[in-house]
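Letter by letter, the chains look like this.
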Amino acid sequence: MAVIVIGFVLGHILALALLYTLGTLYWQLYQLYQFHNWLRRSGKAAPPDASGIWGEIFDAVYRLQKKQRKSKRRMRQALNRIENSTAALKEGVIMADSNGNLEWWNNSAGLLLGLQRPVDRGQPITNILRNPEFFKYFTQKRFGEPLVIKSPSKEGVYLELQTTLYDHNDHLIFVRDVTRLHLLEQMRKDFVANASHELKTPLTVIKGYLETLSMFKDNLPQSMQRGIVNMTDQSLRMEHLIEDLLLLSRLETNDQKEPHQWLKLEDICETVRKTALPMMSEQHEMSFDIPENSYIYGATSELYSAFSNLVFNAIKYSPEGGHIQIKWVQNEFSGVLSVEDEGLGIDPRHIPRLTERFFRVDKGRGSNTGGTGLGLAIVKHVLIHHNAKLQIRSQPGFGSTFSCHFPTDRVRQEALLATVASDVEDNVDDVKKVSETSENNSEASAHTPST
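Residues numbered from 1 in each chain as written. Predicted model: local features only at pLDDT ≥ 70, side-chain atom pairs only at ≥ 80, totals over all residues. Heavy atoms only, no water.

A. The overall build of the chain, seen in detail. On a plain count of helices and strands, the chain comes out with 13 helices and 13 strands. Here the chain, with 451 residues, has 33% of them falling under the buried criterion. Nonlocal contacts in the chain, meaning residues at least 24 apart in sequence, comprise 56% of its contacts between residues at least 6 apart. On the chain, roughly 29,000 Å² of surface is accessible, and the fraction owed to carbon and sulfur atoms is 56%. (Helix = DSSP H or I, 4+ residues; strand = E, 2+ residues; numbered from the N terminus. Buried < 20%, exposed > 50% of the residue type's maximum accessible area, 1.4 Å probe, protein only. Contact = heavy atoms within 4.5 Å. Areas by Shrake-Rupley, 256 points an atom, 1.4 Å probe, with all protein chains shown as cover.)

B. Spatial organisation of the packing of aromatic side chains. Considering all chains together, one arrives at seven aromatic pairs under this definition. Through successive ring pairs, a cluster of aromatic residues spans Phe134, Tyr137, Phe138 and Phe143. Seen from the ring of Trp105, Arg121 lies directly overhead, with NZ or CZ sitting 5.7 Å from the centre. (Phe/Tyr/Trp six-rings, centres within 6.5 Å; stacked < 30°, edge-to-face > 60°. Lys NZ or Arg CZ within 6 Å of the ring centre and 35° of its normal.)

C. View of the sheet that holds strand S6 (residues 261-264). Taken together, three strands build an open sheet; the order of strands is S6-S8-S13 and the sheet is antiparallel. Both outer strands of the open sheet, S6 and strand S13 (411-413), are each paired with one neighbouring strand and no more. Within this sheet the neighbouring strands show an average axis-to-axis angle of 35°, counted without direction. Inspection of the sheet shows strand S8 (residues 294-298) paired to S13 by three bridges, in the antiparallel sense. Bridge assignment links Ile296 to a residue of S13, and that residue is Val411. Relative to S6, helix H9 (residues 265-276) is tilted by about 60°, and along the sheet it contacts S6 and S8. (Pairing = 2+ DSSP bridges. Axes fitted to C-alpha atoms, helices over the stretch in contact; angles between N-to-C directions.)

D. Focus on the layout of surface pockets. Approximately 2,400 Å³ is the volume found for the largest pocket. Counting only elements with at least two residues in the lining of the largest pocket, the list comes to helix H6 (132-139), strand S3 (147-150), strand S4 (158-166), helix H7 (179-215), helix H8 (222-253), helix H12 (375-385), strand S11 (389-394) and strand S12 (400-407). For the lining of the largest pocket, the element with the highest residue contribution is H12, accounting for six residues. Partitioning the lining of the largest pocket into residue classes produces 17 nonpolar, 10 polar and 16 charged. (1 Å grid on protein atoms, 1.4 Å probe; cavity = no way out; pocket = protein on both sides within 12 Å on 5 of 7 lines; lining within 4 Å. Points joined across faces, edges and corners; volume = space filled by probe spheres on them. Nonpolar A, V, L, I, M, F, W, Y, C, P; charged D, E, K, R; others polar.)

E. Fine view of the pattern of salt bridges. Scanning the entire structure with this criterion turns up five salt bridges. Among the ionic pairs, Glu160 bridges to Arg176, the shortest N-O distance being 2.9 Å. Of the two residues, Glu160 is situated in strand S4 and Arg176 in strand S5 (residues 170-177); the sequence distance between them amounts to 16 residues. The partly exposed category is assigned to Arg176, whose relative accessible area is 33%. (Salt bridge = Lys/Arg side-chain N within 4 Å of Asp/Glu carboxyl O.)

F. Spotlight on the sheet that holds strand S9 (residues 323-330). The strand order S7-S9-S10-S12-S11 describes an open sheet built from five strands, whose pairing is mixed. The sheet is open, and its two borders are formed by strand S7 (285-289) and S11, each paired with just one other strand. Averaged over all pairs of adjacent strands, the angle between strand axes in this sheet comes to 15°, irrespective of strand direction. Note that S9 and strand S10 (residues 334-340) share six bridges and pair antiparallel. The residue of S10 that forms the bridge with Val329 is Val336. Running at roughly 165° to S12, helix H10 (residues 300-316) makes contact with S7, S9, S10 and S12 of the sheet.

G. Just unusual backbone geometry, in detail. In this chain, Arg117 is followed by Pro118 through a cis amide linkage whose omega measures -10°. The topology assignment puts Pro118 in the loop between helix H4 (107-113) and helix H5 (125-128). Its identity is not glycine, yet Lys141 carries a phi of approximately 55°, on the positive side. Here Lys141 shows up in the loop between H6 and S3. By relative accessible area, which is 42% here, Lys141 ends up partly exposed. Although it is not a glycine, Asp167 adopts a positive phi angle of roughly 50°. With respect to the helices, strands and loops of the structure, Asp167 is situated in the loop between S4 and S5.

The analysis is restricted to geometry; functional conclusions fall outside its scope.
Next comes the structure, spelled out in structure tokens:
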């Protein structure tokens, strides 16, 4: 306003207005230049002296920078504490991105797995741990259960790997040395296998003498006859226990592994039915709902052991007049064999422990039914061999349902197999036709006179 008044007095309003505008613009550009220079020096120096709006801008930016530096310092200290505490862990910790590329690991992980910085940073973890079991575990994302493998860098060391997904499907992998636990478990398995095997010989001798005494028991006093009968029953029970222990030991150690092949499910269930008939009373009812064309890929004796144990348990714990149903259901994702009974039922709190060796819900129930307490443990290990899972549903007083879930690559329908076979035959026929045609053409060319 003052410029306009002065210009009016002097008679040069436009000239003074232009000079004022140019001066103001120069001052603004100078302040902007100072601001840019200050920011280019990362704002570590004090802000330039300025008044008015530019002074307020410089002060506000300076306060924000100080606040940011404090926050950054606190975050760096927290991150250092986390890294230092993680590095001090005896367990290994590995961070990998969603594709499995290594981002960070602590010292323990480096020692246990032989990881080296910075060579292995950014490398896929499956390239570092060249183990078929780990490759299947990691690529198929089977993170529900931990995986135990041999250490690639330390001889005789066994490692347990547990993987958790976080953020955008990134991987957090925990590595633990379980060599001592593995050796203890191996000692237990060896002891059970050796003890069971050594007990077979004296038990066979005892059974032989009992059978001899049974032939002449009518000439013995009544009290001795009862003793012979009881000893015979208990020797049979001990024989079944030893057989189950040996079978469980073979399943755990994978000794004498039986080859897998395509088996007709109806044949296996028919064998189970015939074996179970003598155990059933006249009041028991048992029905099989198994489609004719159902096939399963596995080991005959192992599958028979698993299915028969489930059926025998259903018979043992079903009341008189109880109905037992064995059913096979297949879809595009899996095949499920279920054994349903109308027995006593099981409290849900006991279900997680049912597959443990010698675990019994009722401590007195095993002696009454003649069970060994190893049936469901055998079922669990057989299903593990076949990449299958056992599901148990039960309520006290409402019976139980035991379901074996097999993956889709282990179950087939006969129609599908027939289609595959016919396709193979068609391909063979096509090859034969092409071969015959080429032979005929060659013969014809051989007899054609040359021109």
